[in-house]
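Descriptive structure summary
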Amino acid sequence: MAEENYGVSVRTVFGGRTARATTNKFDDESLRNVIKASEDLARVQEPDADLLPVPTNGNGGGGVPARPESALPSRHFEQTAALSPAQRAESVGKIVSIAQKHKLTAAGIFSSAETVEGIINSLGLSEWHTQTSAEISITMLAPDSSGWQKANSPNAANLNAERLAEIAAKKAVESAAPRELQPGKYTVILEPAAVLDTVGFAFYDFGGLAILDQRSFLSNRIGTQLFGENISIWDDVAHPLQSGSPFDGEGMHRQRLQLVENGVVNRLVYARATAEKMKRSEHAGKVGLIEATGHGFPIPNEIGEAPMNIVFAAPRDPKTVEQMVASTERGILVTRLWYIREVDPYEKILTGMTRDGTFLVENGKIVCGIRNFRFNQSLIEMLSNVEQMSSPVRTSGEESFDMVVPAMKVRDFNFTEVTKF
């Protein structure tokens, strides 16, 4: 299938009142109507004392500082934009052939896209971002086992459909006839996708509004040793493995910030209004530096802001997944996790299940596939028990947005019950 869509979202501001209306029709009458709808909605809102004037295009006075053209790597690739249905179908054919070779059933997607995003206002702000994207997701199915791989990149040349298919097929074949293990605490080797989909539950709590609303697990914990000393995390839109626009929902440029340094959370991210509100709050002396960082969502919204370009710092002594396996006397290798839900928001206890390639490791070798586990695990404890990490890589999952994360070897990961598949 192919889809082409254009949309415009209009926000109007009248004396502390604001509202937004959206349309995907671009004829003159539709554009007049969407502006009127936004104005009508704004006029019936309660005034918001914390609402700031829209930013201007310039330095000072709420303006957006200039960003050097070289600050952000190109996220638009002509080869990806020109990717045809026939080219995608050719790759899908190779994936299916690999499934047939191993007597497996293949399911998945190969998609590509080209997007243009712009934000403008009546005070002269004009910010634009163009990006391409390609994504492959593959599940290989056998009668009692499965394997999975997923990858996404602005540059389709970075995706190798055959390699992903071979890995997914290998996991399905090698996890066949799974054994059943007793639940309990195990050393686990989490591949990057499994890391991504757990740690993703943390980062909406790194916004200033989450602290003000008392819905963040970081409340009264900023500046304390929360994770292991080997955990350092940045938000960096300009990182070569990241993607996305360099500006936020108001057109403010995203800053590069170190959120966690050696296990200590030392920064939050802020939209403009949240920063001003935080400065006047009872939390002002307990949250570190307070300033607008360019991480706000389009106004109006209930979330405020969040870091969306997460990059884990490289460990001093990176290990491959194979090396982690070789160093493990007894443990479990996890390809990915799914159906993850939050059980305790403050202790960040998550529950979910392993899926698509779960293996028993003994004496430094992968022994066999095992039935999947349900887990109940505190994310805080998990990031305090990391023994080894790989070099961080761009990673895709199903429960969170793409990040640059490592594989991790973690002690005492809590599996609570065995599933029936």
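Residues numbered from 1 in each chain as written. Predicted model: local features only at pLDDT ≥ 70, side-chain atom pairs only at ≥ 80, totals over all residues. Heavy atoms only, no water.

What follows concerns the sheet that holds strand S4 (residues 126–142). Pairing within the open sheet is antiparallel, and its three strands lie in the order S3-S4-S5. The open sheet is flanked by strand S3 (105–120) and strand S5 (145–153), the only strands paired with a single partner. On average, each strand axis in the sheet is inclined to that of its neighbour by 10°, with strand direction left out of account. Pairing between S3 and S4: 16 bridges, direction antiparallel. (Pairing = 2+ DSSP bridges. Helix = DSSP H or I, 4+ residues; strand = E, 2+ residues; numbered from the N terminus. Axes fitted to C-alpha atoms, helices over the stretch in contact; angles between N-to-C directions.)

On to unusual backbone geometry, then. In this chain, Ile 299 is followed by Pro 300 through a cis amide linkage whose omega measures 0°. Positionally, Pro 300 belongs in the loop between helix H7 (272–279) and strand S10 (310–312). Despite not being glycine, Asn 220 has its phi angle at roughly 65°, a positive value. Of note, Asn 220 is situated in the loop between helix H6 (208–212) and strand S7 (233–235). Residue Asn 220 is classed as exposed on the basis of its relative accessible area of 64%. (Buried < 20%, exposed > 50% of the residue type's maximum accessible area, 1.4 Å probe, protein only.)

A few words on the packing of aromatic side chains. Inspection of every chain in the model, using the stated rule, returns eleven aromatic pairs. With a centroid separation of 6.0 Å and an interplanar angle of 40°, the aromatic rings of Tyr 186 and Phe 373 are classed as tilted. On the criterion of sequence distance, the pair formed by Tyr 186 in strand S6 (residues 184–190) and Phe 373 in strand S14 (residues 373–378) is long-range, its members being 187 residues apart. Each member of the pair Tyr 186 and Phe 373 is classed as buried. Pairing Phe 206 with Phe 217 gives two aromatic rings, centres 6.4 Å apart and planes at 70°, and the pair type is edge-to-face. In this pair, Phe 206 sits in the loop between helix H5 (192–199) and H6 while Phe 217 sits in the loop between H6 and S7, placing the two residues eleven residues apart along the sequence. The same class applies to Phe 206 and to Phe 217, which are both buried. Here the aromatic cluster, defined as three or more aromatic residues joined through ring pairs, consists of Tyr 186, Phe 373, Phe 375, Phe 413 and Phe 415. Just above the ring of Phe 14 sits the side chain of Arg 43; from NZ or CZ to the centre is 4.4 Å. The side chain of Arg 221 reaches across the aromatic face of Tyr 346, ending 3.9 Å from its centre. (Phe/Tyr/Trp six-rings, centres within 6.5 Å; stacked < 30°, edge-to-face > 60°. Lys NZ or Arg CZ within 6 Å of the ring centre and 35° of its normal.)

So, about helix H3 (residues 85–101). In this model, H3 (17 residues) spans 24 Å end to end at C-alpha, consistent with the 24 Å of a helix rising 1.5 Å per residue. Buried residues along H3 sit against S3, S4 and helix H4 (161–174). Once H3 finishes, Lys 103 follows within two positions and takes phi at roughly 60°, a positive value. (Expected span 1.5 Å × (residues − 1). Contact = heavy atoms within 4.5 Å.)

Quick look at the nonpolar core now. By size, the foremost hydrophobic cluster in this structure holds 58 residues, and its most contacted members are Ile 231 and Met 408. Tallying contributions element by element places strand S18 (residues 408–418) first for this core, with five residues. Beyond its immediate sequence surroundings of up to four residues, Met 408 is in contact with Val 188, Ile 189, Leu 190, Val 195, Ile 231, Phe 312, Met 324, Met 382, Leu 383, Val 386, Gln 388 and Met 389. Membership of the second largest hydrophobic core comes to 19 residues, among which are Leu 83, Met 140, Leu 159 and Ala 161. (Core = buried A, V, L, I, M, F, W, Y, C linked by side-chain atoms within 4.5 Å.)

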